[in-house]
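# Residue-level structural notes
What follows is the residue order along each chain.
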Amino acid sequence: DAGVTQSPTHLIKTRGQHVTLRCSPISGHKSVSWYQQVLGQGPQFIFQYYEKEERGRGNFPDRFSARQFPNYSSELNVNALLLGDSALYLCASTLGRSYEQYFGPGTRLTVT
Amino acid sequence: QKEVEQNSGPLSVPEGAIASLNCTYSDRGSQSFFWYRQYSGKSPELIMFIYSNGDKEDGRFTAQLNKASQYVSLLIRDSQPSDSATYLCAVIPGFSGGYNKLIFGAGTRLAVHP
């Protein structure tokens, strides 16, 4: 079975630009979560979606938004990029309401 | 006080030894605990989860949970150089508002030397 997939793998953007990151969950998984991981730290929760509805939001500014599509794939959008947004963005999928979250390979975003 | 705390390491152990990784958490209502392994430049990989007090074994890995003391540990038996990675402890807090967000520690770097 295919795991969680994310695209693109790497991305370089300039301050002030906008970025869209994409995620496809494991087949059969209906919940997707997004995390940001900066170097030397553990991942930090951004959003969780279940059955296309936002279930939770972490402590991130409104520049961050997300959505989930009918096929359970998801997009994370970040507007007005700042240097501090440079990080590894991780998508995790969960089967239904279970607790185990499985991560994709991540998207490495560099803001210059 | 951080919500999930881990010793940053590096924890250095010889090949074949037992590596012991520890984690403490602040939310007494937490019910679900996870260990992820993260190789340099890669994403976290779920290796163990534990929900009840006591020990849970899976191959060379044993997770231990003590809710009264608010700590969770991971033991790796017969450590191999391929186990060298950062180990992340994660917790789902007791009150998460109807969703399951993971709160991570900063990770412990493990180095297994031949």
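Right above here is the structure, for reference.
Notes on the structure in this doc start here. (Residues numbered from 1 in each chain as written. Chains lettered and ligands numbered in written order. Predicted model: local features only at pLDDT ≥ 70, side-chain atom pairs only at ≥ 80, totals over all residues. Heavy atoms only, no water.)

Contacts between the two partners involve 21 residues from chain B, matched on the other side by 22 residues from chain A. Carbon and sulfur atoms supply 57% of the area that chain B and chain A bury against each other, a total of about 1600 Å² over both sides. Listing elements by their share of the side of chain B that touches chain A, those giving two or more residues are β4 (32-38), β5 (45-50) and β9 (85-92) of chain B. Among the elements that make up the side of chain B that touches chain A, the one with the highest residue count is β4 of chain B (four residues). Of the residues in the side of chain B that touches chain A, the class split is twelve nonpolar, seven polar and two charged. (Contact = heavy atoms within 4.5 Å. Buried area = accessible area lost by both parts, 1.4 Å probe. Helix = DSSP H or I, 4+ residues; strand = E, 2+ residues; numbered from the N terminus. Nonpolar A, V, L, I, M, F, W, Y, C, P; charged D, E, K, R; others polar.)

What follows concerns the packing of aromatic side chains. Enumeration according to the criterion identifies twelve aromatic pairs over all chains in this entry. Note on Y35 of chain A and F45 of chain A: the rings are 5.7 Å apart at their centroids and 70° apart in plane angle, and the pair reads as edge-to-face. Separated by ten residues along the polypeptide, Y35 of chain A in strand β4 (residues 31-37) and F45 of chain A in strand β5 (residues 44-50) bring together distant segments of the chain. Overall, Y35 of chain A belongs to the buried group, its relative accessible area being 0%. With centroids separated by 5.9 Å and ring planes inclined at 90°, the aromatic side chains of Y35 of chain A and F104 of chain B adopt a geometry described as edge-to-face. Taken as a pair, Y35 of chain A in strand β4 and F104 of chain B in strand β10 (residues 103-104) lie in two separate chains rather than in one. Each member of the pair, Y35 of chain A as well as F104 of chain B, is classed as buried. Ring pairs connect the aromatic residues Y35, F45 and F103 of chain A together with Y36 and F104 of chain B, which therefore count as one cluster. Positioned above the aromatic ring of F49 of chain B is the side chain of K56 of chain B, whose terminal nitrogen or guanidinium carbon lies 3.6 Å from the ring centre. We note R60 of chain B situated over the ring of F61 of chain B; from NZ or CZ to the ring centre the distance is 5.6 Å. (Phe/Tyr/Trp six-rings, centres within 6.5 Å; stacked < 30°, edge-to-face > 60°. Buried < 20%, exposed > 50% of the residue type's maximum accessible area, 1.4 Å probe, protein only. Lys NZ or Arg CZ within 6 Å of the ring centre and 35° of its normal.)

Next up on the list: the pairing of strand β8 (residues 71-76) of chain B. A regular strand places its side chains on the two faces of the sheet in alternate fashion. Residue and element names in this part refer to chain B. With respect to burial, β8 is a largely interior element, five of its six residues being buried. Relative to β8, strand β3 (residues 19-25) is paired through six bridges, and the arrangement is antiparallel. Looking at the pairing, L21 lines up with L74 of β8. Relative to β8, strand β7 (residues 61-66) is paired through six bridges, and the arrangement is antiparallel. Pairing of N66 across the sheet is with Y71, part of β8. (Pairing = 2+ DSSP bridges.)

On to the sheet that holds β3 of chain B. All names here are of chain B. Read from one edge of the open sheet, five strands run β1-β3-β8-β7-β6, paired in antiparallel fashion. On the outer flanks of this sheet lie β1 (4-6) and β6 (54-58), each paired with one strand and no other. On average, adjacent strands in this sheet sit at an angle of 20° to one another, irrespective of strand direction. Bridging between β1 and β3 involves three bridges; their strand directions are antiparallel. Note on β3: the bridge partner recorded for V4 is Y25. (Axes fitted to C-alpha atoms, helices over the stretch in contact; angles between N-to-C directions.)

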